[in-house]
Amino acid sequence: MPGTIPYDPENIFSKILKGQIPCHAIYEDEHTLAFMDIMPQAEGHALVIPKTPSRNLLDADPTTFMWLMPTVQKIARAAKKAFHADGVKIVQYNETAAGQTVFHLHVHVIPIKDGVPLKPHGGKMEDGGKLAHNAEMIREALKFVS
Ligand code: AMP
């Protein structure tokens, strides 16, 4: 797209897709991958990414969303169930001005409990064991949601 910054294949989510760095994976299909956010804003905070490279929503091919959103819905349903959440917040940032820090399109899936405030975006790194446990909880809940 004219005027957009080119996609950088060295971004961290591209490296996760290439298997160059690890992640706490929850779900994968032909077009998408879901894994735990390492600095969760709430218990069970997950990310969903398309395998097709794009920097964010602004430069993505519209067909990307055809595959991305069903996975977002699936993970939202499973995370809500796994963490007995009252709601699920879906967030997606575009460019630095909007708060984007990793430049491969991704959607945040954040289980929300009544009265529990969200931690800051990009705050504290979560313990690896805890992330592995939470990933397992969502994977288990996925067996019971469509
Ligand atoms: P943003 O680009 O601001 O929408 O957010 C990027 C998100 O990616 C932040 O919530 C980070 O905590 C998260 N993050 C950064 N590096 C990793 C990683 N290696 N694995 C999982 N999540 C990550």
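Our subject is the structure listed above.
Our subject in this report is the structure included herewith. What you see is a predicted model, and the numbers here were worked out from it, not measured in a lab. Numbering of residues begins from 1 in every chain and follows the order in which that chain's sequence is written. pLDDT decides what is reported in this predicted model: residues at 70 or higher carry local features, side-chain atom pairs at 80 or more are listed and counted, and totals for whole chains, interfaces and linings draw on all residues regardless. The basis for the side-chain values is all heavy atoms of the structure; hydrogens and waters are excluded.

Right, let's talk about the nonpolar core for a bit. Here, the term nonpolar core denotes a set of buried Ala, Val, Leu, Ile, Met, Phe, Trp, Tyr and Cys residues that are joined through side-chain atoms within 4.5 Å. Three labels apply to residues, based on accessible area from a 1.4 Å probe with only protein chains included: buried if under 20% of the type maximum, exposed if over 50%, partly exposed otherwise in between. Ranked by size, the top nonpolar core spans 23 residues in total, and within it Ile26, Val48, Ile75 and Ile138 carry the most contacts. When residues of this core are traced back to their parent elements, those giving at least two are strand 1 (25-28), strand 2 (32-36), strand 3 (46-50), helix 2 (63-82), strand 5 (107-112) and helix 3 (128-142). Here, two residues are considered to be in contact whenever any of their heavy atoms come within 4.5 Å of each other. Excluding anything up to four places from it in sequence, valine 48 contacts Leu33, Ala34, Leu68, Thr71, Val72, Ile75, Leu105, His106, Val107 and Val109. Listed in part, the seven residues of the second largest apolar core include Phe13, Leu33, Phe35 and Leu47. Here a helix means four or more residues in a row that DSSP labels H or I, a strand means two or more in a row labelled E, and each is numbered from the N terminus.

One speaks of a salt bridge when a side-chain nitrogen belonging to Lys or Arg is within 4 Å of a carboxyl oxygen belonging to Asp or Glu. Tallied over the entire structure, the rule returns six salt bridges. Glutamate 95 is the partner of arginine 55 in a salt bridge, and the nearest nitrogen-oxygen pair spans 2.8 Å. Here the residue arginine 55 occupies a position in the loop between strand 3 and helix 2, and glutamate 95 occupies one in the loop between strand 4 (87-91) and strand 5, the gap between them amounting to 40 residues. Of the residues examined, glutamate 95 reaches a relative accessible area of 21% and is grouped as partly exposed. Salt-bridge contacts for glutamate 136 lead to arginine 139; the nearest nitrogen and oxygen are separated by 2.8 Å. On the criterion of helical spacing, the pair formed by glutamate 136 and arginine 139 is a turn pair, its members being three residues apart in helix 3.

So, on to the site of the ligand. Around the ligand, a shell composed of 17 residues is seen, among which Asp37, Gly99, Thr101, His106 and His121 lie nearest. A distance of 2.5 Å separates an oxygen atom of the ligand from a polar atom in the side chain of aspartate 37. Whenever two N or O atoms come within 3.5 Å, that pair is a polar contact, provided that in protein one can donate a hydrogen and the other can accept it, and provided that, for residues adjacent in sequence, both atoms are side-chain atoms. Within the contact set of the ligand, an oxygen atom lies 2.6 Å away from a side-chain nitrogen or oxygen of histidine 121. Each accessible area is a Shrake-Rupley estimate made with a 1.4 Å probe; only the visible protein chains count as cover when residues are assessed. Relative to its free-state accessible area of 510 Å², the ligand is covered by the protein chains to the extent of 93%. In this analysis, the protein atoms alone were mapped onto a 1 Å grid. Cavities are point sets where a 1.4 Å probe fits without being able to get out; pockets are open sets with protein on both sides within 12 Å along at least five of seven lines; lining residues have an atom within 4 Å of a point. Placement in a cavity or pocket follows one criterion, namely that more than half of the molecule's atoms lie within 2 Å of its grid points. Most atoms of the ligand, that is more than half of them, are within 2 Å of grid points of the largest pocket. We call a residue near a molecule or strand whenever a single non-hydrogen atom of that residue lies within 4 Å of it.

Grid points are joined across faces, edges and corners, and a volume is the space filled by probe spheres set on the points. If you add up the space inside the largest pocket, you get close to 410 Å³. Along its surface, the largest pocket is lined by 21 residues, and Phe13, Asp37, Ile38, Met39 and Leu47 are the ones closest to its centre. If you list the elements that add at least two residues to the lining of the largest pocket, you get helix 1 (12-17) and strand 2. Ranked by residue count, the leading element in the lining of the largest pocket is helix 1, at three residues. Grouping the constituent residues of the lining of the largest pocket by class yields 12 nonpolar, eight polar and one charged. When its volume is computed, the second largest pocket comes out at roughly 170 Å³. Lining the second largest pocket, in full, are Gln41, Ala42, Glu43, Phe83, Pro111, Ile112, Lys113, Val116, Pro117, Leu118 and Lys119. All residues other than Ala, Val, Leu, Ile, Met, Phe, Trp, Tyr, Cys, Pro, Asp, Glu, Lys and Arg, Gly among them, are scored as polar; the first ten of these are nonpolar and the last four charged. Here the residues of the lining of the second largest pocket sort into seven nonpolar, one polar and three charged.

Bringing the packing of aromatic side chains into the picture now. In this description, a pair of aromatic rings is defined by centroid distance and the angle of the planes. Pairing of aromatic rings covers Phe, Tyr and the six-membered ring of Trp, with a centre-to-centre limit of 6.5 Å; geometry is then stacked below 30 degrees between planes, edge-to-face above 60, and tilted otherwise. In the structure shown here, the tally under the stated rule is one aromatic pair. An angle of 75 degrees between the planes, with centres 5.3 Å apart, marks the rings of phenylalanine 13 and phenylalanine 35 as edge-to-face. Of the two residues, phenylalanine 13 sits in helix 1 while phenylalanine 35 sits in strand 2, which places them 22 residues apart along the sequence. Under the relative-accessibility criterion, phenylalanine 13 is labelled buried at 7%.

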